[in-house]
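# Geometric and topological summary
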Amino acid sequence: FKVQLAYAETGNSSATISVTTSCGVSYWNGITGTTIFNHTVTLPTINPAIVVSSSQTRQTTEDGGTADIYFHLSKQPSANVYVTAASNDTTEGVISGKRQDGTTLVSGNNMVVFSTNDWATDKGIQVTGVADSLVDGNITYSVGLSSTSANTLWNGLSASIDLVNKIGRAHV
């Protein structure tokens, strides 16, 4: 005798939960497929967003020190979502690669792809500090994340992460 719990999303703000019986014994066949519980619940609305999970450090150095920034999506999309990273000040920090699987660095790429299956898995980008000839101290800059998708709900979303490019040893 088995009881199965089924969840079906009925819209953006509700879901129906059903409990249905099933059994492989002929004696119980009369109740197989009988719904013994059916209830609609209101769910909190979760808007599409790029969620910054963490970064190992939010600083780079003029000596080429790096920072990894990890992020995921707030909810499951119905189509792939492409998230592109860009520095607002490439004299302080540049995108040096992506971590599509969350660990392996792919150099020279600034875009990660989230599918309908891996939307909740952290992926990331690596930022590398840039040396300049200025004695300018520690400088704050930002990395912006922006999204595109065939699903218009996921187009044009953004997130911003502040980093500090710490002065290099040559300037100390």
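Sequence order as written defines residue numbering, which begins from 1 separately in each chain. Restriction of local features to residues with pLDDT of at least 70 applies here, the model being predicted, together with a cutoff of 80 or more for giving and counting side-chain atom pairs; totals for whole chains, interfaces and linings are based on all residues. Working from all heavy atoms in the structure, the side-chain values ignore hydrogens and water.

## As for the nonpolar core
Note the following rule: Side-chain atoms within 4.5 Å link the members of a nonpolar core, which is a set of buried Ala, Val, Leu, Ile, Met, Phe, Trp, Tyr and Cys residues. Only protein chains enter the accessibility calculation, which uses a 1.4 Å probe; a residue is then buried when its area is under 20% of its type maximum, exposed when over 50%, and partly exposed in between. Helix numbering and strand numbering both begin at the N terminus, where a helix is a DSSP run of H or I of at least 4 residues and a strand a DSSP run of E of at least 2.
The biggest cluster of nonpolar side chains holds 21 residues, and the ones touching the most others in it are Phe-71 and Val-143. Elements represented by at least two residues in this core include exactly β6 (66-73), β7 (81-87), β10 (111-114), β11 (123-129), β12 (139-149) and β13 (158-166). Ranked by the residues each element gives to this core, the list is headed by β6, at four residues.

## A few points about the pairing of β10
Definition in use: Strands pair, by our definition, only if DSSP identifies at least two bridges between them.
Side chains Val-112 and Phe-114 of β10 all project onto a buried face; the interleaved residues Met-111 and Val-113 project onto a face where none is buried. Here four bridges tie β7 to β10, and the two strands are oriented antiparallel to one another. Counted as the bridge partner of Val-81 is Phe-114 from β10.

## Digging into the environment of Ala-131
Among the secondary structure elements, Ala-131 is positioned in the loop between β11 and β12. For Ala-131, a relative accessible area of 53% corresponds to the exposed category. When the C-alpha positions of Ala-131 and Asp-63 are compared, they lie 6.2 Å apart, and in sequence the two are 68 residues distant.

## A short note on the packing of aromatic side chains
To be explicit about the condition: We call Phe, Tyr and Trp rings a pair once their centres come within 6.5 Å, taking the six-membered ring for Trp, and we label the pair stacked below 30 degrees between planes, edge-to-face above 60, and tilted otherwise. Here, a charge over a ring means that NZ of Lys or CZ of Arg falls within 6 Å of the ring centre while also lying within 35 degrees of the ring normal.
Considering all chains together, one arrives at one aromatic pair under this definition. Seen from the ring of Phe-114, Lys-123 lies directly overhead, with NZ or CZ sitting 5.0 Å from the centre.

## Considering the confidence of the model for the protein
Operational definition: pLDDT measures the predictor's confidence residue by residue and takes values from 0 up to 100. Should any heavy atoms of two residues lie within 4.5 Å, those residues are considered in contact.
When pLDDT is averaged across the protein, the result is 81; 70% of the residues are at 70 or more. Considering only residues more than four positions removed or in separate chains, one finds that residues 7-11, a stretch of pLDDT under 50, has 10 contacts.

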